[in-house]
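Here are the chains, one letter per residue:
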Amino acid sequence: MSTLARSLVTWEEFLRLPERPEGSQRYELQDGEVVIAPLARPLHIKLQKRIERLLEALAGERGVVTIEFPYRPVVNLQYWFADVAYVPKPDWDALPPNDYPIYSPPLIVEVLSPSNTPAKVNRQRIVAMSAGTEEFWVVDPEKRTVLVTDLMTARIYSSEDTIPLAILSGGTIAVHDIFAL
């Protein structure tokens, strides 16, 4: 990711940035710095879609599972895109059509990539969970593991494990299913 500005940018200033062309890189606001997020690589996209489908099967009509969900966990200085997010139906229905409310989805999944470094994702996890996220997953394609942090613990799941989803009424996802592309 390349940095566009060295001085802190407010939310209002961020909103005044020119729009990026469709299919182009996108802006994120990270700790008050505007960064350009590079386009995802095929493996990243495949993992996002796979996780989206697995979570959708468990969520049913209770909520929406989507990729590249824009969220703004705090009033100023942060605006990110979750690789995958689960949003309960009442929250989804309440999202304003043309605004960016202060909101952090209950479940966020981030897939590690060259631009989505462990340090950046760790910062996201801390901010998001402080703002209301209940579960934050970090999927590591190289190690084929999933680090799941909830409000009480953090645990690394590997290919022989099954991830429990308390947020989706006790469903589970087998880690090997995530990486079965």
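This is a predicted model, so every value here is computed, not measured.

Structural notes on helix α4 (residues 118-130)
At step 1: For α4, which comprises 13 residues, the first-to-last C-alpha distance of 18 Å matches the rise-based estimate of 18 Å (1.5 Å per residue) to within 8%.
At step 2: Those residues of α4 that fall on the buried side of the exposure criterion are K120, V121, Q124, R125, V127, A128 and M129.
At step 3: Residues of α4 that are buried in the fold lie against β2 (26-30), β4 (63-71), β5 (78-88), β6 (107-111), β7 (135-140) and β8 (145-150).
At step 4: Where α4 terminates, the next one or two residues include G132, which has phi positive at roughly 125°.

Focus: the side chain of T66
At step 1: Its place among the elements puts T66 in strand β4.
At step 2: Of the residues examined, T66 reaches a relative accessible area of 19% and is grouped as buried.
At step 3: Apart from residues lying up to four places away in sequence, T66 is in contact with E52, D83, V84, A85 and W92.

Quick notes on the environment of G170
At step 1: In this fold, G170 is placed in the loop between β10 (162-165) and β11 (171-174).
At step 2: Residue classification places G170 among the exposed residues on the basis of a relative accessible area of 54%.

Quick word on helix α2 (residues 42-59)
At step 1: Over its 18 residues, α2 extends 25 Å from the first C-alpha to the last, a length consistent with the 26 Å expected when each residue adds 1.5 Å.
At step 2: For α2, every residue scored as buried is listed here: H44, L47, Q48, I51, E52, L54, L55 and A59.
At step 3: Two residues or fewer past α2, G60 is found with a positive phi of approximately 55°.

A short note on the packing of aromatic side chains
At step 1: Evaluated as defined, the whole model comprises six aromatic pairs.
At step 2: Ring geometry for F14 against Y79: centres 5.4 Å apart, planes inclined by 55°, an arrangement best described as tilted. Pair noted here: F14 is in helix α1 (residues 11-15) and Y79 is in strand β5, with a separation of 65 residues, a long-range link.
At step 3: Given a relative accessible area of 7%, F14 falls into the buried group.
At step 4: Judged by relative accessible area, Y79 falls into the buried class, the value being 7%.

Conventions adopted
- Residues numbered from 1 in each chain as written.
- Predicted model: local features only at pLDDT ≥ 70, side-chain atom pairs only at ≥ 80, totals over all residues.
- Heavy atoms only, no water.
- Helix = DSSP H or I, 4+ residues; strand = E, 2+ residues; numbered from the N terminus.
- Expected span 1.5 Å × (residues − 1).
- Buried < 20%, exposed > 50% of the residue type's maximum accessible area, 1.4 Å probe, protein only.
- Contact = heavy atoms within 4.5 Å.
- Phe/Tyr/Trp six-rings, centres within 6.5 Å; stacked < 30°, edge-to-face > 60°.

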